[in-house]
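# Coordinate analysis (summary)
Residue strings, one per chain:
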Amino acid sequence: MILLVIAAALAATPPVLEPAVVPKIPPAVIDDSLEVAGAPLAADQVKSRMFIAVDVDGHGPFRFLVDSGADRSVVGSGLAESLALPPGRVVRLQGMAGASRVATVKVGSLKLGGSTIPDIAAPALPERYLGAQGIVGIDALVDQRLMLDFDKKTITVQDARRPEPVVGGDEVVVVARRRNGQLILTAASVGGVPIYAVIDTGSEITMGNLALEARVVAARRAVPHPVVLTSVTGQTLTANLAMLPNIKIGGLDLSGVNVAFADAPPFRLFGLEKSPALLIGTDVLEAFRRVALDFRGRRVRFTLRR
């Protein structure tokens, strides 16, 4: 049963297009000044992932997965055909289980609530692997603030160039590095071992790289359980499932987190294959009342449950 649950959970694991240039990134610090204000969008929650209504070129609404781990938005191939979206160039798409060449389509605009993102070249992938009609990736979120409210099952999207409101007192904000658009947290550790952590709202399970497995799991002589994961491209990847006793993010402390360990390509693309690292999925994020991400300001806020 656990194999079926995890395979389905990662059916919408984020695709990542390989970048040409890796920008320099500044050191990370702890901050406490992020808030997201705007009109909350009603969000469907399947297990722990969040889906919202999106308009594509003035048509919709359509059901899209919000994925902070994907550097490009994706449109379902069936939806692209029904909307007669113009074809784009063929690109090399790097998914969780490997690379493949896929066709793209040209999207004039994506509309999320009050935010409209123009001119997107989106890979077109079968809906049966996406688990949705499309994915909202970082290309659509780079100038936005995004708040996932797991209690109210809403998502708030706000233009990050607008002023930030005053914050409350039950929140911890971690300032992240940015690489290829993803937010990489450095104020994190597992069992006392410093790690890098990437917030991944598109995956229901947290994943670790082999460097972290060697440092933490092997040292504890834990017996991992093999699981099979399926990427958005339909490719599969075998991972080892094990429980981590403790994860710290900033001043937050989480216990008993199940993590799937694998030599997943995104770790290499983020430059994290040799350092202990995690892709933090919504199985961990839903432990908080709200999680807010400011891609422009490189900050992630965790709102504690009262």
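This paragraph deals with the overall build of the protein chain. For the protein chain, the count of helices and strands is seven helices and 23 strands. Scored against the burial criterion, the 306 residues of the protein chain give a buried share of 54%. Residue pairs in contact within the protein chain that sit at least 24 positions apart in sequence constitute 70% of those at least 6 positions apart.

Counting 59 residues, the largest nonpolar core has L244 and F302 as its most contacted members. No other element matches strand β20 (residues 252–261), which puts five residues into this core. Within the second largest apolar cluster, 18 residues are counted, among which are V227, L229, A260 and A277.

Within strand β13 (residues 171–175), four of the five residues are buried, which leaves the element mostly enclosed by the surrounding structure. Judged from the five bridges that link them, β13 and strand β23 (residues 299–303) form a sheet pairing that is antiparallel. Among the inter-strand pairings, E171 is bridged to a residue of β23, identified as T303.

On to the packing of aromatic side chains, then. Applying the stated criterion across every chain yields a total of one aromatic pair. Their ring planes at 45° and their centres at 4.9 Å tell us that F288 and F302 sit as a pair that is tilted. Highlighted residues: F288 in the loop between α7 (282–285) and β22 (290–294) and F302 in strand β23, separated in sequence by 14 residues. A relative accessible area of 0% means that F302 is categorised as buried.

Relative to the helices and strands, S275 is located in the loop between α6 (265–269) and β21 (277–280). Separated by 66 residues in the primary sequence, S275 and N209 have C-alpha atoms spaced 8.3 Å apart. Sequence-distant contacts of S275, that is, excluding residues within four places in its chain, are made with Y196, N209 and A211.

Per the stated rule, a full pass over the model turns up three salt bridges. In this structure, a network of salt bridges that share partners links the residues R145, D294 and R299.

A few words on the environment of A260. Tracing the chain through its elements places A260 in strand β20. Classification of A260 by relative accessible area gives buried; the value is 0%. Taking the C-alpha atoms as reference, A260 lies 9.3 Å from L229; in sequence the two are 31 residues apart. Leaving out residues up to four positions away in the same chain, A260 has contacts with I205, T206, M207, G208, A239, N240 and L241.

Another point: the confidence of the model for the protein chain. Low-pLDDT portions of the prediction should not be read for the details of their coordinates. A residue-level look at the protein chain finds 75% of positions with pLDDT of 70 or above and a mean pLDDT of 75. Throughout residues 1–46 the model reports pLDDT below 50, and contacts reaching past four residues in sequence, or to other chains, amount to 164 contacts.

Here we take up the pairing of strand β19 (residues 236–249). Alignment of strand β15 (residues 182–190) against β19, held across three bridges, turns out to be antiparallel. Paired with A188 across the bridge in β19 is I249. Two elements, strand β18 (residues 225–230) and β19, share six bridges in a ladder whose sense is antiparallel. When the sheet's bridge partners are listed, P226 is paired in β19 with N240. Both β19 and β20 contribute to a ladder of nine bridges, which runs antiparallel. By the bridge assignment, M243 is partnered in β20 with N258.

As a further point, take the environment of V228. As for its placement among the helices and strands, V228 is situated in strand β18. Taking the C-alpha atoms as reference points, V228 and A239, separated by 11 residues in sequence, lie 6.3 Å from one another.

Here the focus is unusual backbone geometry. G60 connects to P61 through a cis peptide bond whose omega is 10°. By the secondary structure assignment, P61 is in strand β5 (residues 59–66). Notably, D119 is not glycine yet its phi reads approximately 50°, a positive angle. Take D119: it is sitting in strand β9 (residues 115–125). With a relative accessible area of 67%, D119 lands in the exposed category. A positive phi angle is found at R298, which is not glycine, with a value near 60°. Assignment of secondary structure puts R298 in the loop between β22 and β23.

What counts as what
Residues numbered from 1 in each chain as written. Predicted model: local features only at pLDDT ≥ 70, side-chain atom pairs only at ≥ 80, totals over all residues. Heavy atoms only, no water. Helix = DSSP H or I, 4+ residues; strand = E, 2+ residues; numbered from the N terminus. Buried < 20%, exposed > 50% of the residue type's maximum accessible area, 1.4 Å probe, protein only. Contact = heavy atoms within 4.5 Å. Core = buried A, V, L, I, M, F, W, Y, C linked by side-chain atoms within 4.5 Å. Pairing = 2+ DSSP bridges. Phe/Tyr/Trp six-rings, centres within 6.5 Å; stacked < 30°, edge-to-face > 60°. Salt bridge = Lys/Arg side-chain N within 4 Å of Asp/Glu carboxyl O. pLDDT = per-residue confidence, 0-100.

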